[in-house]
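Residues per chain, in single letters:
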Amino acid sequence: MRLTIRSRLTLWYTSAFFIVLILLLAVLLWELQHQLGNEARKVLQIEENWLSTFIDSEFLPLRTLAGEKYLNLAANLREELDERYGLKQQFVVLLIANHGANGKFSGGLKGADKFLASDFFLRRAGSYNVMIAERRYRVRLFRREWGTAAVGVENETLWRVAEETGEILIWLVPLSALFAIAGGWLMAKLALRPVVSAAQAAEAISMENLKERLPAYADNDEFGALVATLNRMVERLAEGVTRLQRFTQDAAHELRTPLTILRGDLELAYQDEKTPEETRVWVQKNLDRVITLGQIVDNLLLLARSDAGSYPINKTLFRFEVILREIFEDLQILAEERAVAVHLENGEPLEFYGDKLLIRRLLLNLCDNALKYTSQGHIALSLRQVGDVIEFIISDTGIGIPASDLPHIFDRFYRVDKSRASATGGSGLGLAICKWIVDAHNGTIAVTSEEMKGTTVRVTLPLSHPF
Ligand SMILES: Nc1ncnc2c1ncn2[C@@H]1O[C@H](COP(=O)(O)OP(=O)(O)O)[C@@H](O)[C@H]1O
Ligand SMILES: [Mg+2]
């Protein structure tokens, strides 16, 4: 069975509390026991010593005397014993051998000798607990050459203290156990409250409701950090979802306009009578449109796959300048149609390790832009190696980009002037794709531009050889 964290915390807390409590009680009881024993032992030791010297010094004749003299000395001893023990919670019983018989002398507690079992004096010397008149006595039995002696000291009060302490403790243990369980349960509840409320709040967060956040938990503790981390995660997810939604909308919008135009044209063509020549031109025009649509779909697919991280980047070693030269030649042909000159500087041989198709696409997109947005002047391409990076620069003398638009030109679907862009047949995805390709090769891309003067794009790509 899986216990909840709350039950587990309570269990741990209570067990720990219990172990400490029991240990504490054990030490306490042991110490008490020890002290009680010590107290009685000290008193009895003193009495043993006193009795020994007392009898040795004055009453040894009791063993040998007889008749009147014996009785006198015995009476004397009884008197002395009563004097010493009468007022104390103590007693003494002496067995003194005289001519083969034992004379019994006692002092203190009345009739103490009768309370001692008849065979008590036959036991081994030592200390015993004895009950007399419902009171507890500690009795020490010892032997000297004159006979056997038993000294007792009342132990009752000390035992009471011990017993009562024990009784209190017996109540204390279950009581404190109850407190510990209740306290632990409550503490765990308080400690876990933010988790419960965070879980409830998390329930409300969904794709449709990404504005929702976990309740900010002010305390600067582990839960506070967790909630803050989770909120940042939701923030990132929300941004991602918003971006995705915008991308989908933009993509749909981007496809819709050319499709609408195409449809209108097709409907018209259905009604119109056309000469074969007109039909040829018409078909060519719409074929171009379909090709453009295909390119947009290609670009969208590429970006979608790059987002998902599923675009297979296929790096090989190839000659960078060869690809650039091919594109340059196409560019020259296209530029000839306008009054634009194209130069290539420094086309020196350069080995590069990367995805050949993507690099071609990068160069194509940049050249396409330069050509599209330049109606006169020239376009200059330059390629060189600086340290261990390739530097590719393309600059044009075109219409340029306003400074306020510069920070956005790498955004998807971003175009400086929508009307101008539709005339030039762009979709605003070219630079976004360039940025992704450069990132995939750990490079950099930067654009500087001046309106009506021209634009310069600088790309650097590190030469990362696979060996
Ligand atoms: N060489 C350039 N000269 C002027 N403007 C440019 C140039 N390159 C890019 N731009 C601007 O940046 C925008 C984004 O470029 P891009 O992502 O390639 O989209 P597009 O499909 O419009 O070419 C373009 O619409 C254009 O306004
Ligand atoms: Mg472009």
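Residues numbered from 1 in each chain as written. Chains lettered and ligands numbered in written order. Predicted model: local features only at pLDDT ≥ 70, side-chain atom pairs only at ≥ 80, totals over all residues.

## Some details on the overall build of the chain
What counts here: What counts as a helix is a DSSP run of H or I of at least four residues, what counts as a strand is a run of E of at least two, and both are numbered from the N terminus. For the radius of gyration, the atoms used are the C-alpha atoms, and the globule rule reads 2.2 Å times the number of residues raised to 0.38. Burial in this document is a count-based property: other C-beta atoms within 10 Å of a residue's C-beta are tallied, and the residue is buried at 20 or more, exposed at 12 or fewer, or partly exposed in between, with C-beta positions derived from the backbone. Once C-beta atoms have been placed from the backbone, residue pairs whose C-beta atoms lie within 7 Å are recorded as contacts.
Looking only at helices and strands, the chain features ten helices and twelve strands. Relative to the compact-globule value of 23 Å for 467 residues, the chain shows a C-alpha radius of gyration of 54 Å, a clear excess of over 25%. Looking at the 467 residues of the chain, the share that counts as buried comes to 21%. A fraction of 61% describes how many contacts in the chain between residues 6 or more apart in sequence connect residues 24 or more apart.

## Some thoughts on the site of ligand 1
We count it as follows: Put plainly, near means the residue's C-beta atom, positioned from the backbone, lies within 6 Å of the molecule or strand in question. When residue character is reported, Ala, Val, Leu, Ile, Met, Phe, Trp, Tyr, Cys and Pro are called nonpolar, Asp, Glu, Lys and Arg charged, and the others, Gly included, polar.
Near ligand 1 lie 22 residues; those nearest to it are Tyr373, Val416, Gly426, Gly430 and Leu431. Those elements that provide at least two residues to the shell around ligand 1 are helix H8 (356-372) and helix H10 (430-440). For the shell around ligand 1, the per-class residue count stands at eleven nonpolar, nine polar and two charged.

## What to know about the sheet that holds strand E11 (residues 444-450)
Formally: At least two bridges found by DSSP between two strands are what make those strands a pair. Orientation is described by axes fitted as lines to C-alpha atoms, over the contacting stretch for helices, and by angles from 0 to 180 degrees between their N-to-C directions.
Pairing in this open sheet of five strands is mixed, and the strands run E7-E9-E10-E12-E11 from one edge to the other. Only two strands of the sheet have a single neighbouring strand rather than two, namely strand E7 (339-345) and E11. Taking each pair of neighbouring strands and ignoring which way they run, the sheet shows an average axis angle of 10°.

## Details of the nonpolar core
Quick reminder of the rule: Joining buried Ala, Val, Leu, Ile, Met, Phe, Trp, Tyr and Cys residues through C-beta atoms within 7 Å gives a set, and that set is a nonpolar core.
Formed by 35 residues in total, the largest nonpolar core has its most connected members in Leu362, Leu366, Cys367, Ala370, Ile394 and Cys434. Of all elements in the fold, only helix H7 (320-336), E7, H8, strand E9 (376-386), strand E10 (389-396), H10 and strand E12 (454-462) reach the threshold of two or more residues within this core. Ranked by residue count, the leading element in this core is H8, at eight residues. Excluding residues within four positions of it along the chain, Cys434 makes contact with Leu362, Asn365, Leu366 and Ile445. Among the nonpolar cores identified, the runner-up in size contains 22 residues, and Leu77, Leu81, Ile96 and Ala112 belong to it.

## Things to note about the domain arrangement of the chain
Where we set the bar: Domain ranges listed in this record stem from an automatic or a database domain assignment.
Taken domain by domain, the chain comprises domain 1 (5-163), domain 2 (205-311) and domain 3 (313-462). Put simply, the middle of domain 1 and the middle of domain 2, counted by C-alpha atoms, are 101 Å apart.

## Focus: the packing of helix H1 (residues 5-59) against helix H4 (residues 156-203)
Quick reminder of the rule: These descriptions rest on fixed angle ranges, namely under 35 degrees for roughly parallel, over 145 for roughly antiparallel, 65 to 115 for roughly perpendicular, and the rest for oblique. In this scheme the handedness of a crossing depends on how the near helix is turned from the far one: anticlockwise by less than a right angle means left-handed, clockwise means right-handed.
Between H1 and H4, whose axes approach to 9 Å, the crossing angle comes to 165°. In terms of orientation, H1 lies roughly antiparallel with respect to H4. You can see that H1 and H4 cross each other, and the crossing is right-handed. Across the contact of H1 with H4, the residue classes tally to 19 nonpolar, five polar and three charged.

## Quick notes on H7
Condition: Working rule for helices: expected span equals 1.5 Å times residues minus one. Arc definition: it is the arc formed by the directions from the helix axis to the C-beta atoms.
When the terminal C-alpha atoms of H7 are compared, their 25 Å separation across 17 residues agrees well with the 24 Å that a helix rising 1.5 Å per residue should span. Along H7, the residues classified as buried are Phe320, Leu324, Phe328 and Leu331. Buried residues of H7, seen end-on, are gathered within an arc of 65° and therefore sit on one face of the element. In H7, the exposed positions angled more than 90 degrees off the buried face are occupied by Val322, Glu329, Asp330, Ile333 and Glu336.

## Considerations on helix H2 (residues 67-85)
Along its 19 residues, H2 runs 27 Å from first to last C-alpha, staying within 8% of the 27 Å computed at 1.5 Å per residue. Residues of H2 that are buried: Leu77, Leu81 and Tyr85. All buried residues of H2 project into a common sector of 45° when viewed along the axis, lining one side. In H2, the exposed positions that point more than 90 degrees away from the buried face belong to Glu68, Lys69, Leu71, Asn72, Ala75, Glu79 and Glu83. Looking at the buried side of H2, the elements it contacts are H1, strand E1 (90-98) and strand E2 (101-108).

## Description of the sheet that holds E2
If you walk across this open sheet you meet the five strands as E2-E1-E5-E4-E3, and the pairing is antiparallel. The open sheet has two free edges, formed respectively by E2 and strand E3 (126-132), since each of these has just one partner strand. Neighbour-to-neighbour, the strand axes of this sheet turn through a mean angle of 20°, independent of strand direction. Pairing analysis gives eight bridges linking E1 to E2, with the strands arranged antiparallel. Residue pairing in the sheet places Asn98 in a bridge with Ala101 of E2. This element, H1, spans E1, E3, strand E4 (135-144) and strand E5 (147-154) of the sheet and lies at about 145° to E5. Packed on one face of the sheet, H2 meets E1 and E2 and runs near 30° to E2.

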